[in-house]
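These are the residues of each chain, in order.
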Amino acid sequence: MPQDTISHPAFLLLEDGTLFKGKSFGKKGTTGGELCFTTGMTGYQEIFTDPSYTGQMLIMSTCYVGNYGVNTADVESDGVTIAGLICKNIATRYSRMIASGSLEDYLLQHNIVGIQDVDTRALVQHVRTKGAMNCIISSETDNIEALKEKLRAVPSMKGLEISSNITTKEPYTAGDPDASIRIAVLDFGIKKHILHNFTQRDAYVKVFPAKTPIAELKAFEPHGYFISNGPGDPASMDYAVNTVKDILNEGKPMFGICLGHQLLAQANGIPTFKMHHGHRGLNHPVKNLITGKCEITTQNHGFGVDPEAAQQSEAIEVTHVNLNDGSIEGIRMKNKPAFSVQYHPESTPGPYDSRYLFDQFIDMICEQSAIK
Amino acid sequence: MHIEPKRRRERPVSGAFSSDTGGNGRPENSVRRFRIRLQLSEILVTFAGRTGALPPDCLSTIYRNAMPLDTSIKSVLIIGSGPIVIGQACEFDYSGSQAARSLREEGIKVTLINSNPATIMTDPLVADRVYLLPLTAESIEQILEENEIDAVLPTMGGQTALNLAKEVEELGLWEKYKVRLIGVDIKAIDKAEDRDLFRNWMLEMNIPVAPARVANSMLEGKEYAQEIGIPLVIRPSFTLGGTGGGFVKSKEELEPALEAGLKASPIHEVLVEKAVLGWKEFELELLRDVNDNVVIICTVENFDPMGIHTGDSITVAPAMTLSDTAFQLMRNTAIDMMRNLGNFAGGCNVQFALNPETEEIIAIEINPRVSRSSALASKATGYPIAKVAAKLAIGYTLDELKNQITQTTSAYFEPALDYVIVKMPRWNFDKFKGADDTLGLQMKSVGEVMAIGRTFPEALQKACQSLENNATGLTSISRSQMRPEELIDYLKRPTWDRIFRIKEALQAGISIKTIRELTQIDRWFLYQIQDLVALEQKIQAYQHLDKLPVDLLKEAKQMGFSDEQIAELVKDCTAEEVYEKRKAAGITRVFKMVDTCSAEFEARTPYFYSTFETASQSS
């Protein structure tokens with residue numbers, strides 16, 4: 001069916017009082033969270049299902065979403081994790097022979113409230129200038145005062161701990177149980193394709209809930225530990241920092257991605273901070289200081305590792321930096337086989353430039369455990 | 001003959017030194033390196049306060065791997081593309097001029113050869129010395145005789161310049177005059193240009209290509225045709241611009257096509273190749289530096305499927321119907337191809353076909369140079385490909401250069417677009433009476449327009465409005481109305497006015513399914529045109545401008561309708577009246593930037609396009 005011009009109105013209200021009017025799509029309702037934008041032009045389904053976006057109201061800066069529908073393979077978790085979606089155009093009809101349905105139906109199924117026909121470029125400029133802030137979308141009321149009230153109840157991302165709510169309830173495994181490499185994974189909101197990257201490299205992984213004590217992790221007899229990505233403020237996760245410290249004491253190889261990177265920094269006494277508006281997209285330039293090579297990376301983070309403390313740290317060295325703003329993108333410990341990156345080497349969506357890091361981790365494990 | 005600039009313009013003073021023609025002002029290596037570091041430390045210091053950047057004292061770590069500039073290059077020869085012909089037009093003037101400017105910024109003396117004086121690049125202000133000479137090895141030798149040239153940059157003048165560089169190489173002239181080839185690997189030229197070498201190279205790399213076999217006789221041709229299966233493309237060897245080649249879509253067409261092909265080839269040889277008609281076509285623009293860092297500047301999707309020359313296709317950026325999985329497969333393959341092709345720093349263009357049913361891809365071609373599409377990609381993204389490619393050719397690495405638009409972020413990144421680009425070719429068949437206006441393997445358009453919008457229909461209609469053929473949008477531009485049966489028959493053959501006829505067909509109620517079968521154009525694009533038809537019908541129903549709701553008028557503007565088009569639809573008013581009505585309702589143009597980064601960073605030197613967008617209100 002051609003696009004219906006008389007669609008339901010919707011409102012987007014920002015914490016600073018700025019109001020945008022648009023059209024509703026997805027579920028009719030009201031939803032709030034922290035406003036952020038991504039500049040990625042492909043992979044919307046992977047983005048919407050990435051657990052690190054939990055609690056985020058996401059602006060897609062690219063002109064269209066939904067053009068190629070959705071399918072069952074391009075997901076990073078079993079649900080849609082974003083709190084709400086803001087875009088310029090959502091395709092009412094899609095075209096992809098291997099798609100299983102339309103994006104709009106998919107969002108409806110997952111109860112996601114969205115607003116389209118918004119000047120997303122103006123909105124991105126607003127966030128770029130004013131910084132990350134909370135917002136609310138509603139397609140069920142035009143009572144702005146009532147929305148303001150509801151917006152005040154939306155919690156601030158700073159100091160918010162989310163991982164323990166979205167982590168797996170029970171441990172589960174992936175890969176071949178007879179594999180020679182076993183990796184214990186701490187789940188703070190892990191993306192499926194990180195696990196794929198391990199199992200593709202013939203590792204057997206066991207994924208544990210966020211608050212699993214070290215003894216239980218050790219019972220799996222892992223050759224290495226992986227600390228996952230996830231949403232929320234790493235400064236509010238003392239329990240996780242303590243587990244990372246326990247893991248480091250084991251002396252086994254350890255790899256962390258995104259939140260896992262921030263936790264490794266904290267375990268070494270390096271604080272994290274809330275960024276102005278974060279890094280989200282598929283085109284972030286990173287330089288590997290060890291090899292001198294550059295990589296285009298997928299990023300999704302609103303918190304960062306304090307650069308001065310990282311530079312002054314005796315325990316770690318900076319291995320990767322962002323070429324746009326000089327922020328810390330990767331660290332490794334000087335006297336322990338542990339390293340981490342702020343970006344997403346598994347990409348999905350995004351470039352495969354950084355997948356060598358998974359090889360590096362596997363090599364580290366093989367070397368230490370004398371496997372193969 | 002050569003032209004010496006009348007007034008020798010002073011070169012831009014960069015950093016700690018000022019260079020002059022004699023080359024005596026060239027900086028020492030250390031000075032240059034200091035300058036680069038200084039610029040970079042400025043960037044980092046700027047950011048330190050805002051985002052918590054790295055302290056400047058760790059700069060030595062960051063840049064310890066930076067390759068020094070090749071300071072032995074003080075004078076560069078750029079080869080132009082010669083006469084403007086169909087398929088090789090002003091885009092190479094654009095890239096040549098950009099490259100000349102980019103090298104002179106570095107204090108390098110630029111000498112230019114082109115046989116075409118009607119270009120910007122031959123303007124005395126663009127290069128230090130301009131030679132208006134035929135593009136032959138003799139001319140090159142004359143230039144090398146008269147000037148001290150350190151290096152030649154042959155990647156800015158299309159295939160013409162590359163072929164000339166290769167010819168001169170074979171004559172041993174570059175070696176004789178101690179001139180280095182920069183921006184290209186001479187061994188890569190053949191591998192990219194020769195169909196057979198390209199196929200074998202792809203097979204070596206395990207990259208799929210269309211199945212094909214070389215036949216030297218009718219009998220062989222028939223045998224291979226049987227083996228590969230119809231549809232086929234018959235490509236005669238060693239003919240210019242695809243002459244004598246053709247499609248075989250039915251058994252009956254095979255024999256005449258083989259006969260024509262074999263006859264056209266001077267060595268009686270044809271390539272019998274599987275035609276991937278109906279597959280989707282994509283193009284990627286790449287840049288690579290001496291450290292082997294590669295970025296994709298732009299991905300372009302062809303509205304027209306495989307079988308129509310890219311130069312004759314309507315193209316769209318960013319890709320509209322490409323999933324991330326399919327895109328990353330192309331990105332990885334393109335990067336592997338560029339790295340494997342040879343040892344060179346500069347620009348490159350790779351084309352792929354994608355099977356819409358399985359999403360498998362095959363490589364179509366690779367151009368180890370700045371191409372027609374790079375000029376479009378530069379304008380579409382704001383990233384100056386030729387300018388940066390010239391810097392990479394003299395040894396800069398991407399991470400040492402800044403994004404030209406933001407001037408603060410890195411040139412090592414991949415542009416993100418928050419608008420839609422539509423390129424439409426412009427044909428002039430009315431000036432070539434009797435010419436076959438069927439579009440196919442050989443490019444026939446004489447120019448192109450590029451339009452920008454925040455919706456695909458907006459960009460498409462703006463492009464139509466810019467064609468200078470009386471189209472006020474995607475409207476009927478022909479006086480002859482066709483009946484539905486005639487339209488169905490007409491759409492079987494790709495012609496220059498196909499998109500206009502598709503709209504007529506949708507108006508006549510012909511289904512998307514039928515049009516898709518006839519044209520093989522992706523449904524997503526057909527849906528967009530159908531949306532335009534539906535909107536037109538809605539507007540038409542009001543019949544009076546007074547009664548036309550403001551919301552609908554706004555939607556029409558966002559879908560790219562011109563005031564004239566709207567007036568034609570409601571019939572009781574003029575374009576001026578439509579303008580007055582929408583102005584009174586506050587529906588006026590806003591201007592948005594082409595800034596390479598979707599507004600993520602502040603832009604210093606962007607350019608603008610107009611659109612109709614809702615602004616925010618404060619409460």
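Residues numbered from 1 in each chain as written. Chains lettered and ligands numbered in written order. Predicted model: local features only at pLDDT ≥ 70, side-chain atom pairs only at ≥ 80, totals over all residues. Heavy atoms only, no water.

1. As for a negative patch on the surface
All names here are of chain B.
Item 1. A contiguous patch of negative charge on the surface is contributed by Asp546, Glu564, Glu568, Asp572, Glu576, Glu577 and Glu580.
Item 2. Looking at the negative patch, the elements with two or more residues in it are helix 20 (563–570) and helix 21 (575–584).
Item 3. Sorting elements by how many residues they give to the negative patch places helix 21 first, with three residues.
Item 4. With respect to the helices, strands and loops of the structure, Glu580 is situated in helix 21. (Patch = residues over 30% accessible without salt bridge, like charges linked within 9 Å, V, L, I, M, F, W, Y side chains within 5 Å. Areas by Shrake-Rupley, 256 points an atom, 1.4 Å probe, with all protein chains shown as cover. Salt bridge = Lys/Arg side-chain N within 4 Å of Asp/Glu carboxyl O. Lys, Arg positive; Asp, Glu negative; His and termini not counted. Charge placed at Lys NZ, Arg CZ, Asp CG, Glu CD. Helix = DSSP H or I, 4+ residues; strand = E, 2+ residues; numbered from the N terminus.)

2. Thoughts on the packing of aromatic side chains
Aromatic ring pairs are reported here in terms of the distance separating the ring centres and the angle at which the planes meet.
Item 1. Here the structure, examined in full by the defined rule, presents 21 aromatic pairs over all chains.
Item 2. The interplanar angle of 35 degrees and the centroid separation of 6.2 Å between the aromatic rings of A:Tyr44 and A:Phe48 together place this pair among those described as tilted. Here A:Tyr44 pairs with A:Phe48, and both are found in helix 1 (residues 44–48), just four residues apart, close to one helical turn. For the pair shown, A:Tyr44 and A:Phe48 are each scored as buried.
Item 3. Here a set of aromatic residues connected by ring pairs shows up, and it is made of A:Phe198, A:Phe226, A:Phe255, A:Phe339, A:Phe358 and A:Phe361.
Item 4. Of note, A:Arg355 hangs over the ring of A:Tyr352, and the distance from its end group to the ring centre comes to 3.8 Å.
Item 5. B:Lys379 extends its terminal NZ or CZ atom over the ring of B:Tyr94, reaching a point 4.6 Å from the ring centre. (Phe/Tyr/Trp six-rings, centres within 6.5 Å; stacked < 30°, edge-to-face > 60°. Buried < 20%, exposed > 50% of the residue type's maximum accessible area, 1.4 Å probe, protein only. Lys NZ or Arg CZ within 6 Å of the ring centre and 35° of its normal.)

3. Here we look at the sheet that holds strand 11 (residues 280–288) of chain B
Residues and elements named next belong to chain B.
Item 1. Read across the sheet, seven strands follow the order 15-14-11-12-13-16-17 without closing on themselves; strand pairing throughout is antiparallel. Each edge of the open sheet carries a strand with a single partner, namely strand 15 (361–367) and strand 17 (447–453). Sheet twist, expressed as the mean angle between neighbouring strand axes with direction ignored, is 25 degrees.
Item 2. Sheet topology places strand 11 next to strand 14 (residues 346–354); nine bridges connect them, and they run antiparallel. Within strand 14, the residue paired with Leu287 across the bridge is Gly347. (Pairing = 2+ DSSP bridges. Axes fitted to C-alpha atoms, helices over the stretch in contact; angles between N-to-C directions.)

4. Regarding the packing of helix 16 (residues 498–507) of chain B against helix 18 (residues 523–542) of chain B
All names here are of chain B.
Item 1. Contact pair helix 16 / helix 18: the axes reach a minimum separation of 9 Å and the direction vectors enclose 60 degrees. Looking at the two axes, helix 16 sits oblique to helix 18. Handedness of the helix 16/helix 18 crossing: right-handed. Contact with helix 16, carried on its side by Ile499, Ile502, Lys503, Leu506 and Gln507, involves Leu526, Ile529, Gln530, Val533, Glu536 and Gln537 of helix 18 and no other residues of that element. (Parallel < 35°, antiparallel > 145°, perpendicular 65-115°, else oblique. Left-handed = near helix turned anticlockwise from the far one by under 90°. Contact = heavy atoms within 4.5 Å.)

5. What to know about the environment of B:Arg199
Residues and elements named next belong to chain B.
Item 1. Position of Arg199 relative to the elements: it lies in helix 8 (residues 195–204).
Item 2. Of the residues examined, Arg199 reaches a relative accessible area of 11% and is grouped as buried.
Item 3. Residues Arg199 and Tyr419 lie 220 residues apart in sequence; the distance between their C-alpha atoms is 36 Å.
Item 4. Discounting chain neighbours no more than four positions away, the residues touching Arg199 are Val209, Ala210, Pro211, Ala212 and Leu271.

6. What about the pairing of strand 12 (residues 294–302) of chain B?
All names here are of chain B.
Item 1. Judged by how many residues are buried, strand 12 sits mostly within the fold: nine of nine residues are covered.
Item 2. In terms of strand pairing, strand 11 meets strand 12 through seven bridges, oriented antiparallel. Residue pairing across strands places Leu284 opposite Thr299, the latter belonging to strand 12.
Item 3. Connecting the antiparallel pair strand 11 and strand 12 is a turn made up of five residues, with Asp292 showing a positive phi of about 70 degrees.

7. A few points about the state of the cysteines
Item 1. Applying the stated criterion across every chain, the model contains zero disulfides over all chains.
Item 2. Unpaired in terms of disulfides, A:Cys135 finds its nearest cysteine sulfur in A:Cys36, a separation of 8.9 Å.
Item 3. Assessed through its relative accessible area of 0%, A:Cys135 is described here as buried.
Item 4. Unpaired in terms of disulfides, B:Cys464 finds its nearest cysteine sulfur in A:Cys63, a separation of 18 Å.
Item 5. Classification of B:Cys464 as buried rests on a relative accessible area of 0%. (Disulfide = S-S within 2.5 Å.)

8. Observations regarding helix 15 (residues 484–491) of chain B
All names here are of chain B.
Item 1. When we look at burial in helix 15, the residues that qualify are Leu487, Tyr490 and Leu491. Down the axis of helix 15, the buried side of the element spans an arc of 90 degrees, and every buried residue falls inside it.
Item 2. Looking at the buried residues of helix 15, the elements they touch are helix 16 and helix 17 (512–519). (Arc of directions from axis to C-beta.)

9. Some remarks on helix 16 of chain B
Residues and elements named next belong to chain B.
Item 1. Judged by how many residues are buried, helix 16 sits mostly within the fold: nine of ten residues are covered.
Item 2. When we look at burial in helix 16, the residues that qualify are Arg498, Ile499, Phe500, Arg501, Ile502, Lys503, Glu504, Ala505 and Leu506.
Item 3. Those residues of helix 16 that are buried are in contact with strand 16 (420–426), helix 14 (456–465), helix 15, helix 17 and helix 18.
Item 4. After helix 16 finishes, the residue Gly509 shows a positive phi value of roughly 85 degrees.

10. Section: a nonpolar patch on the surface
Residue and element names in this part refer to chain B.
Item 1. A surface patch of nonpolar side chains, amounting to about 250 Å² of accessible area, comprises Ile86, Phe432 and Val446.
Item 2. With respect to the helices, strands and loops of the structure, Phe432 is situated in the loop between strand 16 and strand 17.
Item 3. On the accessibility criterion, Phe432 (42% relative accessible area) is partly exposed.

11. Overview of the interface of chain A and chain B
Item 1. Contacts between the two partners involve 74 residues from chain A and, on the opposite side, 79 residues from chain B.
Item 2. Summing the contributions of chain A and of chain B, the shared interface buries around 6400 Å²; its carbon and sulfur component is 51%.
Item 3. If you look at where chain A meets chain B, you find nine salt bridges.
Item 4. Between A:Arg121 and B:Asp595 there is a salt bridge, and its shortest N-O distance comes to 2.9 Å. (Buried area = accessible area lost by both parts, 1.4 Å probe.)

12. Topic: unusual backbone geometry
Item 1. Cis geometry marks the peptide bond from A:Thr348 to A:Pro349; its omega dihedral reads 0 degrees.
Item 2. Residues B:Ala317 and B:Pro318 are joined by a peptide bond in cis, for which omega reads -10 degrees.
Item 3. Position of B:Pro318 relative to the elements: it lies in the loop between strand 13 (315–317) and helix 11 (324–341).
Item 4. With phi around 55 degrees, A:Glu221 is a residue other than glycine that occupies positive phi space.

13. As for the environment of B:Ile362
Residue and element names in this part refer to chain B.
Item 1. Positionally, Ile362 belongs in strand 15.
Item 2. Along the chain, Ile362 and Gly261 lie 101 residues apart, while their C-alpha atoms are 24 Å from each other.
Item 3. Setting aside residues no more than four positions away along its own chain, Ile362 makes contact with Pro208, Val209, Ala210, Val276, Trp279, Gln351, Phe352 and Ala353.

14. Looking at the sheet that holds strand 16 (residues 294–305) of chain A
Residues and elements named next belong to chain A.
Item 1. Across the sheet, ten strands lie side by side as 10-12-11-13-14-19-18-17-15-16; this open sheet has mixed pairing. Every interior strand has two partners, whereas the edge strands, strand 10 (172–174) and strand 16, have only one. Neighbour to neighbour, the strand axes of the sheet diverge by 25 degrees on average, direction disregarded.
Item 2. Looking at chain direction, strand 15 (residues 272–288) and strand 17 (residues 316–322) are connected through three bridges and run antiparallel. If you follow Val286 over to strand 17, its bridge partner there is Asn322.

15. Looking at the pattern of salt bridges
Item 1. Summed over the entire model, instances satisfying the criterion amount to 49 salt bridges over all chains.
Item 2. Among the ionic pairs, A:Arg96 bridges to B:Glu359, the shortest N-O distance being 2.7 Å. Linking A:Arg96 in the loop between strand 7 (89–90) and helix 2 (103–109) with B:Glu359 in the loop between strand 14 and strand 15, this pair reaches from one chain into another. For the pair shown, A:Arg96 and B:Glu359 are each scored as buried.
Item 3. Across the pair B:Glu255 and B:Lys222 runs a salt bridge, and its minimum N-O distance is 3.1 Å. With B:Glu255 in helix 10 (residues 251–264) and B:Lys222 in helix 9 (residues 218–228), this pair connects stretches of sequence that are 33 residues apart.
Item 4. Using a relative accessible area of 39% as the deciding quantity, one classes B:Glu255 as partly exposed.
Item 5. What you see here is one network of salt bridges that share partners, running through A:Lys23, A:Lys88, A:Asp117, A:Asp119, B:Arg454, B:Lys592 and B:Glu613.

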